[in-house]
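# Geometric and topological summary
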Amino acid sequence: MRTNIIRHESMMASYDVVNGWTVVEVDGDLDAHTSPMIREAVIKLLDEGHRHFVLDLGFVPFMDSMGLGVIVAVTKRIREHDGSLRIASVSGRILKIFDLSGMRESYEIHHSSEEATRSAPSLGSLAHWPHPSPG
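These numbers were taken from a predicted model, which means no experiment stands behind them. (Residues numbered from 1 in each chain as written. Predicted model: local features only at pLDDT ≥ 70, side-chain atom pairs only at ≥ 80, totals over all residues. Heavy atoms only, no water.)

### Considering the packing of aromatic side chains
To keep it simple, the criterion reads: Note on ring pairs: Phe, Tyr and Trp rings are taken, using the six-membered ring of Trp, and paired if centres are within 6.5 Å. Classes follow the plane angle, with under 30 degrees stacked, over 60 edge-to-face and the rest tilted. Only protein chains enter the accessibility calculation, which uses a 1.4 Å probe. A residue is then buried if its area is under 20% of the maximum for its type, exposed if over 50%, and partly exposed in between.
Enumeration according to the criterion identifies one aromatic pair in this entry. Measuring from centroid to centroid gives 6.0 Å for Phe 98 and Tyr 107, while their planes differ by 75°, and the two rings are edge-to-face. As far as the burial class goes, Phe 98 and Tyr 107 line up, both buried.

### A word on empty space enclosed by the protein
One water molecule sets the probe size; rolling that probe over the atoms shows where empty space is left. Our working definition: Cavity and pocket criteria rest on a 1 Å grid covering protein atoms alone: a 1.4 Å probe that fits but cannot get out defines a cavity, protein on both sides within 12 Å along at least 5 of 7 lines defines an open pocket, and an atom within 4 Å of a point defines a lining residue. Grid points are joined across faces, edges and corners, and a volume is the space filled by probe spheres set on the points. By definition, any uninterrupted DSSP run of H or I lasting at least four residues is a helix, any uninterrupted run of E lasting at least two residues is a strand, and each is numbered from the N terminus. In this count, Pro and Cys sit with the nonpolar residues alongside Ala, Val, Leu, Ile, Met, Phe, Trp and Tyr, while Asp, Glu, Lys and Arg are called charged and the others, Gly among them, polar.
Applying the stated criterion across every chain, the model contains one cavity of 30 Å³ or more. The volume enclosed by the largest cavity comes to roughly 30 Å³. Of all the secondary structure elements, the ones that give two or more residues to the lining of the largest cavity are β4 (52–59) and α2 (65–80). By residue number, the principal contributor to the lining of the largest cavity is β4, which donates three residues. Of the residues contributing to the lining of the largest cavity, the split by class is eight nonpolar, no polar and no charged.

If you want it as structure tokens, here you go:
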């Protein structure tokens, strides 16, 4: 059951739990104005016991450096709680931001939330973050 966690004039976010993953779907720009809301929502979910996240960016038309920064910040917070994070449904434009920042290799990026949640979370998913192991 999808639960709304942010209702704001410029952004909405909701989550659902699928196969052990908390799928957070963001709808709206992820920028300097909205990023703090995402950060606070993820921290609240962590405080409620959620550990393994999929951040679905399929409805994010724009993301700036603050949006990328909040993803890095929540990744660190999730890791402190022995959790993991996957990114899903990224448009070509947003993927380019990950590429230009050098962060693409630091995240598991999936085509869809369905693909990202196909396998249940495993311990150590972030063991090599932000530097993936050579492979």
